[in-house]
Each structure stands twice: as structure tokens, then as C-alpha cells.
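As a plain string of letters, each chain reads:
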Amino acid sequence: MPAATTTSEIIFSEQANHNFSKTLGELKRSTLSIRNRLESIQHDAAFANQVAEAYGRPLIANERCGSWYIDPKSKGGSAYFKSTDGHTGVWKFSSRRLNLHLLEIIGQNDGCIIIDSTRRGKRMPDALSKTIPIWCSVLNRVLFPSETELHNLYTPPQVVSQSEHAQISALLPSFAEALRSLKISLDELRSHITKPLRPMWVTPESNLEQTASVFEKFHPIICCTVSRRVAGGELSEGGYIQGAGDDTENWAHGLTPPVFWSNKETLLSTAEHDMPDLIESLVHEAKNNGLGGQMLRLVKPTTMLFVAPTDSIDGSDAGKDACVINLLPKIAEQSTWQTSPTRIDVGLGPHKLGSRNLRTALPFIVGFVEKALAQRESDETLPKFRVIVSCESGKDLSIGTALAISCLVFDDEGLLLKDSSKTPRIDKSFIRSRLGWCSTSMPDANPSRATIQSVNSFLMERPV
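Source: prediction; values computed, not measured.

**Structural notes on the sheet that holds strand β5 (residues 219-225)**
Sheet strands line up and pair through hydrogen bonds in the backbone, either parallel or antiparallel.
At step 1: The sheet built from 5 strands is open, its strands ordered β2-β1-β3-β5-β4 with parallel pairing. Strand pairing shows two members of the sheet lacking a second neighbour, β2 (75-79) and β4 (197-202), which therefore form its edges. Ignoring strand direction, the axes of neighbouring strands in this sheet form an average angle of 30 degrees.
At step 2: Most of the contacts of helix α4 (residues 126-143) go to β4, to which it runs at about 165 degrees, and overall it touches β1 (59-62), β3 (112-116), β4 and β5.

**Digging into the packing of aromatic side chains**
At step 1: For the structure shown, the criterion picks out 6 aromatic pairs.
At step 2: Ring geometry for Trp337 versus Phe364: centroids 5.2 Å apart, planes at 80 degrees, classification edge-to-face. In this pair, Trp337 is assigned in the loop between β8 (322-328) and β9 (338-340) and Phe364 in helix α10 (residues 351-375), connecting sequence segments 27 residues apart.
At step 3: For Trp337, a relative accessible area of 6% corresponds to the buried category.
At step 4: Under the relative-accessibility criterion, Phe364 is labelled partly exposed at 24%.
At step 5: Stacked on the ring of Tyr154, the Lys or Arg Arg198 has its end atom at 3.7 Å from the ring centre.

**Here's the deal with the nonpolar core**
At step 1: In this structure, Ile325, Leu327, Val346, Ile365, Val387 and Leu459 are the most contacted members of the largest nonpolar core, which totals 47 residues.
At step 2: Among the elements of the structure, β7 (305-309), β8, β10 (343-347), α10, β11 (386-391), α11 (397-409), α12 (428-441) and α13 (449-460) are those that each provide at least two residues to this core.
At step 3: Discounting chain neighbours no more than four positions away, the residues touching Ile325 are Ile344, Val346, Ile365, Phe368, Val369, Val387, Ile388, Val389 and Ser390.
At step 4: Ranked by size, the runner-up nonpolar core spans 38 residues in total, among them Ile34, Ile70, Val259 and Met275.

Criteria and cut-off values
Residues numbered from 1 in each chain as written. Predicted model: local features only at pLDDT ≥ 70, side-chain atom pairs only at ≥ 80, totals over all residues. Heavy atoms only, no water. Pairing = 2+ DSSP bridges. Helix = DSSP H or I, 4+ residues; strand = E, 2+ residues; numbered from the N terminus. Axes fitted to C-alpha atoms, helices over the stretch in contact; angles between N-to-C directions. Contact = heavy atoms within 4.5 Å. Phe/Tyr/Trp six-rings, centres within 6.5 Å; stacked < 30°, edge-to-face > 60°. Buried < 20%, exposed > 50% of the residue type's maximum accessible area, 1.4 Å probe, protein only. Lys NZ or Arg CZ within 6 Å of the ring centre and 35° of its normal. Core = buried A, V, L, I, M, F, W, Y, C linked by side-chain atoms within 4.5 Å.

Written as C-alpha cells, this is what we have:
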């Protein structure tokens, strides 16, 4: 009996191959539809709720993706652990993403559950398997130096190899020293937690058992991957998409987690071809209602340096008893920047261009701030005076500018420098310590590498 013909032996015409590729592409696009993504998110969010019920601890969204899987009514907070900080060979403890705000939540609830997901093929994201374990170990070493048994690194053995585990462990002492060098008040951090931190892992394959037990020796940091692992392609999963909340720029049409959860039933009952228009309408309505808007945020330990998104200062009285530095995503001549005695609108340009242009704009910006403060030096209004820095997001250029101002205008206690000639020697270590002010005051601050490089260049190349 002749052997059965295999598909590799069948010769198709070039046109047939083209048609097959086109058909497969259309099938994949229909599988990765907005509806399938939102239904997959809803499915994974149900698992997150089960984990919360089983362990009795608050749900923390690891942004950006984690918020899709938690109803805002059940959300206990946000974390900012990046998978890139746990990628093989480039492990790091990030001074830009300290996540120290979590300690208060952890102490009050004897731990927390951090929610995240990952795309097709992976069991869990590197943020949960490596970045958070590094964070736990580093904090334990710095805050509990005598609890040496929990200085060890704990990683999930089914995800992290022994070799990689050993390589990360060798770096922990240097990571701990980097945290100490930021000169953050350790006593304040210790006031939030009474025990070291210990990561644990939960996935949809885990057996959940009801337990709200208190662990005597550590606070559990439960790293929860909500998406079920998909080994093959999406076409074999009946519409389920692993990590559906990822890559929103490619499918969400501006939809955000708060808008999704506020309009979940409406969205899931809408035909696919009507989804983009509906989303556009809902997003526009949310903006008009101020959904998710932010106000001024103080850079501690100062009492007068604030950061904000541009839309929270326009049309408000934010400029009263303040000097305002508004950074714009369009280029403008320097001669047009000063729009009033107490406000400058600095046209830097968009994205990386704006970050690069920040370097040459900082002398003008710092000079404006120093002049505004000098005019009030003997004025009784100085204690109420504010320096407000804003940009489109309130998280990038404004953070970089506030960082530069904090280095040149304030002392280590957050008080105004009395004598600008006594500005301390500025190096990368000093800048990192001041960046720690921004990271602890605004955990979601996300200055780009280009922005930080511009600030570093400006500060370290200034004439002494």
C-alpha cells in the first residue's frame, strides 16, 4: 500500500499560495478582534477575583497591562515593575521604578497580590518571575540586615533556571548598595512593614485554596499571572487571547481600563464593526467628564515643587502664587516662551525630539525659576509659593525638568538652598538620589532614557 501523500509533497500554484496566506491572515485578524480581546480580559479578570477571594489580600495592578484585569472598584493600587528589568543578562534594580509606595499597602494587609499577564507562549512575565523577586531581596537586605535567611533570592524554578538564578543572586549586593546610595529614609520605610518580603506565584494552572493565613516570618507578595498559557496559535483557542491587555496601541483605539470597566456591558454587546466608533465616543465622553484626570503632585521632601499634566493646569488657578513651566510637544522659538511674568510655555517638540531639546532649554528654565524665587526671597508669600512643571503626560519631560530643578535649587532636606554657590558636587549618584524623590513621590513617573540623558548632560557639564 503506497504511503499517504503529505502536504509538503503537494505543489500549489503561486496564486493558491497567495490565497492561502491571505485567508490565514484574515482568520488571525478576526481572532484578534476587539471583542475577543475584551472577552478574554473579562475571563482573566474573573481569575484575578478568585485569587483575591482565596488569599484575602488587595489586588495591585502592574501597569500598564494589569489594570485591564481589575475592576477599579476592587483595585488596591498600582505597581510599576518592568519585565525589561528582569530580562536575561540585563537584570537590574531600577532607581526609576522603586515602587516603595507599595510598602504601606503591604504592611496594612500583610502582603498583596500583584496582577499581570504575558503574551502567547510564556508561562509568566519576567516582571513577576524575576523583577519582583529582585525587588523583594534588595529591600530585605537593606531594611532587615539581620534577617539573612530572607536575603536570598526566591524565583519560580519552573521558569528561572538554576544558572540564571545564580547569576542574579551574585548581583544582589550591588543592587542593595545602589538603593542605599539614594539616601532614602530607611526608618520611614521600616515604619510600614514589620517583616521581610517573600514572593509567591499563582497562575491559572495553580490549585487555589482558601487561605487568608498570616505568615509569621514574612509578608507574602503574591505574583499572579492571570492569562492562561496558550502553546499554539490563537486560531486553536476558540477566540481566547493570552495577554489580551498587551499592545493596546495596536487594537484599543484609545480605550482605557477605566472606560472599559465603566462601559463593559455596552462594549461587549456591540458588533465588531461598530466598536471603533463606540470606543471613540466613550473615550471622548470620559475626557469631558474628567475620568482618570490628575492634579498637581508634590515632589517630596520639598514643599513647593509640583508636577502635573498640562490639561490639569490650563484653565485653572494653578498659576496663582506660583511660577509655571509648561513643556509643549511642538517646537517654538525661545523668544516666545515667556508668556507672562510667572509662566513659560517651552516648545520642545514631541517624544524623543522633545527629550533631546530639553538639554538646551534647561538653562533658560532654571534661570526662570531662580529669578522667580529670588524676587520672593524676602517676601512673606515665599512659604506659599509653588514651582509647577507640566508636560503632556505629566510623567516624562516634566519629571526630567523637576529633577534638574531639585538638584540645583533644593538641599538634601528639600529646603531651598540659601546660597546657590553651595550647590553640592553633582554626579550620576547625586542625580539618582534626587530621581528617587520623584520615584517615591510619583510611582508612575516614567521619564524616558533620552530625557534622563539630557538632564545628566546639562547638570554635569555646567560650569562650576
